Amino acid sequence: MDTTEAGAITKKVEDFLQVFRKGEEFTHELLNENEKLRYKIVQLEGRTRTAEPSGSGQLNSLEERLRLLEEENRALLGRYQQVEEENKDFANRYVEVEAENNNLANLYVASYQLHSTLDFNESLKIILEIVMNLIGAEEFSIMLLDEKSNELSIVAQEGMATQPRAAIRLGHGIIGKTARTGEAYYRKGDPADVTDVDYANPLVCIPLKIKEHVIGTIVIYKLLVQKSELTAVDYELFSMLAGHAATALFSSKLYSESERKLTTIQSFLDLMKEK
Amino acid sequence: MMKKVLIVDDSALIHQMYKMILMRYRCAIVAAQNGQIGLDKLAQHPDIDLVLLDINMPVMGGLEFIKKVKELGTYEHIPIVISSTEGKEEDTDRGIALGARGYVTKPVQPSEFHALIEALFAASR
């Protein structure tokens, strides 16, 4: 081997060693980097391990809050339904109270008017108006009992045919029986179903009573066309009329008679004074 | 503002009944016993908001009252509600044709009456 060849081989070895050293350095660098990364991973794992318990706690607390809110929502829905039911009850009650109020107003108006006069004819007129305007009767009459003859005769009427009607004996027919027993009579069946009025078979017959003493009757034969049925307030009015109309008629009649007597006595006294 | 209602009816019972029904509106009531008195009251109270009018009355009936109101022209804007005991359609039809804004039949049903009155009051606002 000559020196030129030996020199070339030495240069190749040195080049190889240089490449090898660079590779060694690079491998060291990679190992260092790897070490650093491993360290970072360990650090992150540690952090994750410490952070995990509070995250799950938050989740649990949120779940609990959600459960509570759902419960609250259910309770509110229940309360809402309850309030709605109560509201319906109040609405129904309002309608009932309104109807009751109207009934009481009618009764008040009727009784107030009945006792607003001591004039017999005016009392009769008021009773006619009540039966016509508040009850809604088209054909009806007021009959008074003559205690001497025991007969009931018409003293006022509305809507009925004008021919004179015979007096009814106490205890005879529906009207006579009502006056005898003092029990109100209501014909069975549809009150609006009236084709021909039968004066012997009235729709309603109310005794006019002062305590248990009957002084006459209110007899209804036919209702107005727009009045299809008798309502609760009508029965209340009948009941009120039975007592109040009787006292109104009785007291106004007594008052008229006493007025007449007073005038007669006064005239007599005046005559005496003149003599 | 307080509403003013003129009631034209020959029955004291009806006057009192309307007063009771109208109590909730806190309105002032002007009373007349027939159409002629009703016209006089209209002249005295030109600010009347509503007239409740009976058909059958002595001296001057309800239909004649509406005719007179129409002739006068001054009170045509005031709504008139007619009431009829008989419930005869021809009476109410004639009243409506003459210019009445509504009608009630006796015995008055408060619920129907309130609905009508509230609608008329609302329209006049």
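Scope of this entry: the structure provided in the associated data block.

Quoted interface sizes are often the accessible area lost when the parts come together. With 20 residues of chain A at the contact, the number on the chain B side is 18 residues. Here chain A meets chain B over a buried area of about 1,500 Å², counting both sides, of which 59% is carbon and sulfur. Ranking the residues of chain A by area buried against chain B places Val109, Asn133 and Gln226 of chain A at the top, with a combined share of 34%. Counting the contacts that link chain A with chain B gives 1 salt bridge.

Another aspect to go through is the packing of helix α2 (residues 35–44) of chain B against helix α3 (residues 62–72) of chain B. Residues and elements named next belong to chain B. α3 packs onto α2 with a crossing angle of 35° between their chain directions and a minimal axis gap of 9 Å. Read as a crossing pair, α2 and α3 show a hand that is right-handed. Contacts between α2 and α3 involve Gly35, Gly38, Leu39 and Leu42 on the former and, on the latter, Phe65, Lys68, Val69 and Leu72. Grouping the constituent residues of the contact of α2 with α3 by class yields 5 nonpolar, 2 polar and 1 charged.

Owing to its 3.6 residues per turn, the α-helix aligns residues three or four sequence positions apart on the same side. Residue and element names in this part refer to chain A. In this model, helix α4 (residues 232–274) (43 residues) spans 62 Å end to end at C-alpha, consistent with the 63 Å of a helix rising 1.5 Å per residue. The largest bend in α4 amounts to roughly 35° and is located at leucine 241. Regarding α4, the residues found buried are Val233, Asp234, Leu237, Phe238, Met240, Leu241, Ala242, Ala245, Ala246, Ala248, Leu249 and Ser252.

Residues and elements named next belong to chain B. The buried count for strand β4 (residues 80–84) comes to 5 of 5 residues, which makes it a mostly enclosed element. Strand direction decides the pairing type here: strand β3 (residues 50–54) and β4, joined by 4 bridges, are parallel. Along β4, the bridge assignment pairs leucine 53 with isoleucine 82. Taken together, β3, α3 and β4 form a β-α-β motif whose crossover is right-handed. Here 4 bridges tie β4 to strand β5 (residues 102–105), and the two strands are oriented parallel to one another.

Now for a nonpolar patch on the surface. A grouping of Ile9, Val13, Phe16, Leu17 and Phe20 of chain A is seen on the molecular surface, where their side chains present a nonpolar patch of about 490 Å² in accessible area. Counting through the fold element by element, phenylalanine 16 of chain A comes out in helix α1 (residues 3–114).

Bringing the nonpolar core into the picture now. Residue and element names in this part refer to chain B. Among the nonpolar cores identified, the biggest contains 57 residues, and Tyr18, Leu22 and Leu52 are the most heavily contacted of them. Discounting chain neighbours no more than four positions away, the residues touching leucine 52 are Val5, Leu6, Ile7, Val8, Tyr18, Leu22, Val81, Phe113 and Ile117. Judged by nonpolar contacts, the second largest core, of 22 residues, contains Leu42, Met60, Tyr75 and Ile82.

Rules used in this analysis
Residues numbered from 1 in each chain as written. Chains lettered and ligands numbered in written order. Predicted model: local features only at pLDDT ≥ 70, side-chain atom pairs only at ≥ 80, totals over all residues. Heavy atoms only, no water. Contact = heavy atoms within 4.5 Å. Buried area = accessible area lost by both parts, 1.4 Å probe. Salt bridge = Lys/Arg side-chain N within 4 Å of Asp/Glu carboxyl O. Axes fitted to C-alpha atoms, helices over the stretch in contact; angles between N-to-C directions. Helix = DSSP H or I, 4+ residues; strand = E, 2+ residues; numbered from the N terminus. Left-handed = near helix turned anticlockwise from the far one by under 90°. Nonpolar A, V, L, I, M, F, W, Y, C, P; charged D, E, K, R; others polar. Expected span 1.5 Å × (residues − 1). Bend = angle between axes of the 7 residues up to and from the residue. Buried < 20%, exposed > 50% of the residue type's maximum accessible area, 1.4 Å probe, protein only. Pairing = 2+ DSSP bridges. Right-handed = clockwise from strand over helix to strand, strands pointing away. Patch = residues over 30% accessible without salt bridge, like charges linked within 9 Å, V, L, I, M, F, W, Y side chains within 5 Å. Areas by Shrake-Rupley, 256 points an atom, 1.4 Å probe, with all protein chains shown as cover. Core = buried A, V, L, I, M, F, W, Y, C linked by side-chain atoms within 4.5 Å.

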